Every structure is written in C-alpha cells, then in structure tokens.
Amino acid sequence: MMRSIRQGIPRIIGASCLAAALAGGVGATSAAAAPQTPPTAPSAVCNRFQPQFCNGNVLQQGAQTGRGGGNVLQQGAQTGRGNGNVLQQGAQTGRGNGNVLQQGAQTGRGNGNVLQQGAQTGGNGNVLQQGAQTGRGGGNVLQQGAQTGGNGNVLQQGAQTGGNGNVLQQGAQTGRGGGNVLQQGAQTGGNGNVLQQGAQTGRGGGNVLQQGAQTGGNGNVLQQGAQTGRGGGNVLQQGAQTGPENGNVLQQGAQTGGNGNVLQQGAQTGPENGNVLQQGAQT
C-alpha cells in the first residue's frame, strides 16, 4: 500500500508541474498578443513651426506665411503678417491686407492692391498690370510698364508721372503737375493741361495743346506746331509764334511779340499792342 502511494506521488507532482507550465505558457502568449497603444499624433497648434494651422490659412506646396489670417497661398507664395491675402505662384507681400497678387507680384505695406505678373507697389488700392511700378501713391490704375509715385493716376503702357489725378496715354510724361490729360508722347510739368501727341509745356496751367505745340504760359490754346513763351490766354493756329505776350489770336504762320493782336496767315508784328493784320501785312 505504501509502495503504491509512493509511486503515485511523482505522477501527481509531474502532472501538476505540466499543468502549471501549460498555464504559464498560455498566459505568456496572451500577453504577447495584446495590442500596442499607437503613438500620439502631433497637435494642430498654431506656432512658428506649424504656420499652416494659423488663422484659417490655406497653403499649397511650398507656400510660406507667418502670423497672417485667412490667407490663400499657392506654390512658393510668401507673406508676412498680412490678412486676407490671395497670392499665386511666387507672389510676395509684407504686412499688407486684402491684396490679390498674381505670379511674381510684389507689394510692401499697401492694402487692397490688385497686382498682375511682375507688378510692384507699396501704395493702397492700386490696380497694376504686368510690370507696372508705383511708389507710395494710392488709387492708381497702371497698365503694362507704367510708373508713378502720385495718387489717383490712370496710366497706359510706358506712361510716367509724379503728379496727382493725371490721365496719361502711352509714353506720356509729366513732372509734378496735377489733373493733366496727356496723349502719346506728350510732356508737361504744369496743372490742368490737355496735351495731344508730342505736345510740350513747362510750368503753365490750363493749356490745350495739339500735336507738337509748345508753351510755358497759362490758358493758351495751341494747334499743331504752335509756339508761345510765358504768355497767357493766347490762341495760336498751326505754326504760329508769340513771345511773352498775352491775349493774342494768331492764324497759320503769324508772328507777334505784342499784346491783344489779331493776325491772319503770314502777318508779322513786333512789340506793338492791339494790332489787326491781314494776310502778309507787316508792322
């Protein structure tokens, strides 16, 4: 009896160890198969390292923006601290607001500008076409290649002005004058002048000049090729000439140096006043 009990104990111990070993193996397998916790995703926080999460900006490939709000930037666009800007490829703006810039356009601190390819401005409310340039002016409308530093100017291709409220066609030039209307190639530095192609005026104001006319006075009306110095209120037809006098009416080819003269074609008078001369008369 004792022998049979002694022979059965090792079997029971062996079975118990086997059961324990099997139980431990199952537990180890269960622990190894437990799912791992996924890594924490980066938070969409607005900071200098993640500007794409700042203030509702929409950025395409390579676009860069700082602390602006509501900007829409395409490939390679750059903006600083502006708000509500829409920039296309390669456009650059500083601290402006509400600007719309096309490819390669550049603006400084202006607001509400609309710039096409290659346009440059630092003003406010300007509309610039390709290659147009403006300084600190506001409300300008410039076509291709136009240049201005004034306010409220309307310039066509290649026009140049530094004044205010001028309307210039292709190649027109004006200095510090205001309110001038210049056609192609016209030049003026005065105020309120209306000049056609190639007309020139100095510091005068309120002149109306046709093609090739020249004046430095005020309130003159000159036709093609007419010339007057510093006089005022003269009316000259084609080729007429007058010096520093006032109130002359000259037809084609007439010449005078006086005041209040009325001369027909080819008439000539010196420094006299109040003359009335018909064709070919001399005094």
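Chemist: Could you clarify how one ought to interpret the overall build of the protein in this entry?
Modeler: Scanning the protein for helices and strands turns up one helix and 32 strands. By the burial criterion, 30% of the 283 residues in the protein qualify as buried. Here the contacts in the protein between residues at least 6 apart in sequence split such that 0% fall between residues at least 24 apart.

Chemist: Which parts of the structure should I look at to understand a positive patch on the surface?
Modeler: A cluster of like positive charges, contributed by Arg67, Arg81, Arg95 and Arg109, occupies part of the molecular surface. A relative accessible area of 43% places Arg95 in the partly exposed class.

Chemist: I would appreciate a short explanation of the environment of Gly145 in the present structure.
Modeler: One can find Gly145 in the loop between β13 (141-142) and β14 (147-148). Between the C-alpha atoms of Gly145 and Leu155, which are 10 residues apart in sequence, the distance is 9.3 Å. Here Gly145 is in contact with Gln130, Gly131, Ala132 and Gly158, once residues within four sequence places are set aside.

Chemist: What's the story with the environment of Gly171 in this structure? I'm lost.
Modeler: Residue placement: Gly171 occurs in the loop between β17 (167-168) and β18 (173-174). Separated by 15 residues in the primary sequence, Gly171 and Gln156 place their C-alpha atoms 7.9 Å from one another. Apart from the residues within four sequence positions on either side, Gly171 is in contact with Gln157, Gly158, Ala159 and Gly185.

Chemist: Sorry if this is basic, but what is going on with the environment of Ala132 here?
Modeler: If you trace the backbone, Ala132 turns up in the loop between β11 (127-128) and β12 (133-134). In this structure the C-alpha to C-alpha distance between Ala132 and Thr148, which are 16 residues apart in sequence, comes to 8.8 Å. Those residues in contact with Ala132 that lie beyond four places of it in its chain are Gly118, Ala119, Gln120, Leu142, Gln143, Gly145 and Ala146.

Chemist: What is the right way to look at the confidence of the model for the protein in this model?
Modeler: Parts of the model with low pLDDT should not have their predicted coordinates read in detail. Mean pLDDT for the protein: 85, with 81% of residues reaching 70 or above. Note on residues 9-32: pLDDT under 50 across the span, and zero contacts to partners over four residues away in sequence or across chains.

Chemist: Would you explain the side chain of Thr256 in this entry?
Modeler: Among the structural elements, Thr256 can be located in strand β30 (residues 255-256). We classify Thr256 as buried; its relative accessible area is 7%. A polar side-chain atom of Thr256 sits 2.8 Å from a polar atom in the side chain of Asn261. Residues in contact with Thr256, not counting those within four places in the same chain, are Gln241, Thr242, Gly243, Glu245, Asn248, Leu250, Asn261, Leu263, Thr269 and Gly270.

Quick notes on the rules
Residues numbered from 1 in each chain as written. Predicted model: local features only at pLDDT ≥ 70, side-chain atom pairs only at ≥ 80, totals over all residues. Heavy atoms only, no water. Helix = DSSP H or I, 4+ residues; strand = E, 2+ residues; numbered from the N terminus. Buried < 20%, exposed > 50% of the residue type's maximum accessible area, 1.4 Å probe, protein only. Contact = heavy atoms within 4.5 Å. Patch = residues over 30% accessible without salt bridge, like charges linked within 9 Å, V, L, I, M, F, W, Y side chains within 5 Å. Areas by Shrake-Rupley, 256 points an atom, 1.4 Å probe, with all protein chains shown as cover. Salt bridge = Lys/Arg side-chain N within 4 Å of Asp/Glu carboxyl O. Lys, Arg positive; Asp, Glu negative; His and termini not counted. Charge placed at Lys NZ, Arg CZ, Asp CG, Glu CD. pLDDT = per-residue confidence, 0-100. Polar contact = N/O pair within 3.5 Å; in protein donor to acceptor, adjacent residues only side chain to side chain.

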